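# Structure assessment
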Amino acid sequence: QVQQNVERLFTRFVEEGKATVRLREPAVDLCLSKANVINLKTFLSAVRLAHQGNDSGVLPLSPLVPAKNSDVEKPKTKMIITSRRDYPLTKSFPFSLEHLQTSYCKLARIDSRVLCLKKLRKLDLSHNHIKQLPATLGDLVCLQELDLHDNHLEAFSGALCSSGLQKSLQFLDLSQNQLQALPLELCQLRALVRLRLDDNALLRLPCRIGQLRRLRFLSAARNKLPFLPSDFRNLSLENLDLFGNPFEQPNPLVPNIQLKIPLSLLECAARATVNHRIPYGCPLLPSHLCHDLEVAKTCGCGSACLSSFIQITVTMNLHHVAHTVVLVDNMGGTEAPVLCYFCSLGCYSQFLDRHLQSNG
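Residues numbered from 1 in each chain as written. Predicted model: local features only at pLDDT ≥ 70, side-chain atom pairs only at ≥ 80, totals over all residues. Heavy atoms only, no water.

### Observations regarding the overall build of the chain
The secondary structure content of the chain amounts to 6 helices and 17 strands. Projecting the C-alpha coordinates of the chain onto the three principal axes gives extents of approximately 95 × 50 × 30 Å. Looking at the 360 residues of the chain, the share that counts as buried comes to 42%. Contacts spanning at least 24 positions in sequence make up 43% of the contacts within the chain whose residues lie at least 6 apart. Summed over all atoms, the accessible surface of the chain reaches about 20300 Å², with 52% contributed by carbon and sulfur. The chain carries 40 positive and 31 negative side-chain charges, and their two centres are separated by 4 Å. (Helix = DSSP H or I, 4+ residues; strand = E, 2+ residues; numbered from the N terminus. Buried < 20%, exposed > 50% of the residue type's maximum accessible area, 1.4 Å probe, protein only. Contact = heavy atoms within 4.5 Å. Areas by Shrake-Rupley, 256 points an atom, 1.4 Å probe, with all protein chains shown as cover. Lys, Arg positive; Asp, Glu negative; His and termini not counted. Charge placed at Lys NZ, Arg CZ, Asp CG, Glu CD.)

Following this line, the structure appears as structure tokens:
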């Protein structure tokens, strides 16, 4: 179907026997090359008339001759650019690309032309100067691997984590950037298998990181993590690297008490929702309560804690969550502090009794 379906004709090199017809549906480029110049111009005129709904039969079109296999150019699926001088400034990227690497190109932002490559499965933008990521990056619904290693990122948008990348993204490399925190929404990237966060300035990991059920490789070495979130216990990894973080020395006997008596109505509502297993969502409960439940702490008894809790850090052997563990420090340790929460003095007292008994 040609009528009203031609988005654009590229005829700059028509005198060389080359032209491109870009269709709207399906969204493909028809690349013509090695054509007879006169026949090519006639064909393009016919395409213009057909697009406008006019009769193209009056044009002297030549009969079609099957092309030889050697003359047919296969759609380009991979492009690797590793220097600024090779970066295409006037030429479009092929819409058929599935793998694109543009490294060492001094890019300050992601090229809008890249965001139109809907078939991309692997995008490597490492070793550039990118500071921000556009929200439209999430429209690349086929994207499985995203490498942003060695850039100038100060934030990773939660909107990207709530986009189509939720179902597709399996590899994410944010190492060697300037990140201090990651959005809670990162835990919505449920297809993630590999996550690299090395050499940033992270002060914490997302509190719901245990929701990444498919995650097998996690690296967050050389950051500023003082402890791990309590949900870290729910991970099941093959390889874990947390070397070079300034982990605090855990002390279960020095709690951070944030109990509020009496409990607020919001706290009571949150605990009732969790304790009675009430399904929640914005149409069912107030939006602010739903948001609070997304970041709620969980006591060992199963109760939720919002702003009323007792917090301590306890030691966890990282082999409980990973088969292979890179040493945490130069002393050969494989243990790290993890946060632990209690909803009441009673729950904390029970833990303390067990802790003192196990330590003699």
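Resuming the write-up.
### Things to note about the domain arrangement of the chain
For the chain, the domain assignment lists domain 1 (6–52), domain 2 (78–224) and domain 3 (256–316 + 336–358). Taken over C-alpha atoms, the centre of domain 1 sits 65 Å from the centre of domain 3. (Domains from an automatic or database assignment.)

### As for a nonpolar patch on the surface
A contiguous nonpolar surface patch, about 290 Å² in accessible area, is contributed by Leu253, Val254 and Leu356. Of note, Leu356 is situated in helix H6 (residues 345–358). (Patch = residues over 30% accessible without salt bridge, like charges linked within 9 Å, V, L, I, M, F, W, Y side chains within 5 Å. Salt bridge = Lys/Arg side-chain N within 4 Å of Asp/Glu carboxyl O.)

### Notes on the pairing of strand S4 (residues 78–81)
Every second residue of S4 is oriented toward a common face, the buried set being Met79 and Ile81 and the non-buried set Lys78 and Ile80. For S4 and strand S5 (residues 99–102), the ladder comprises 4 bridges, and the chain directions are parallel. Bridge pairing in S5 links Met79 to Leu100. (Pairing = 2+ DSSP bridges.)

### A closer look at the packing of helix H4 (residues 265–275) against helix H5 (residues 287–294)
H5 packs onto H4 with a crossing angle of 65° between their chain directions and a minimal axis gap of 10 Å. It follows from the interaxial angle that H4 and H5 lie roughly perpendicular. As for the relative orientation of H4 and H5, their crossing is right-handed in sense. Contact residues: H4 offers Leu266, Ala269, Ala270, Thr273 and Val274, while H5 offers His288, Leu289, Asp292 and Leu293. In terms of residue class, the contact of H4 with H5 is made up of 6 nonpolar, 2 polar and 1 charged. (Axes fitted to C-alpha atoms, helices over the stretch in contact; angles between N-to-C directions. Parallel < 35°, antiparallel > 145°, perpendicular 65-115°, else oblique. Left-handed = near helix turned anticlockwise from the far one by under 90°. Nonpolar A, V, L, I, M, F, W, Y, C, P; charged D, E, K, R; others polar.)

### Let's talk about the environment of Ser344
Within the element layout of this structure, Ser344 appears in the loop between strand S17 (335–342) and H6. Residue Ser344 is classed as partly exposed on the basis of its relative accessible area, which comes to 25%. Taking C-alpha positions, Ser344 is 20 Å from Arg277, a pair spaced 67 residues apart along the chain. The contact partners of Ser344, leaving out residues within four places of it in the chain, are Leu259 and Ile310. Looking at Ser344, its side chain comes within polar contact range of the main-chain nitrogen of Cys347, at 3.3 Å. (Polar contact = N/O pair within 3.5 Å; in protein donor to acceptor, adjacent residues only side chain to side chain.)

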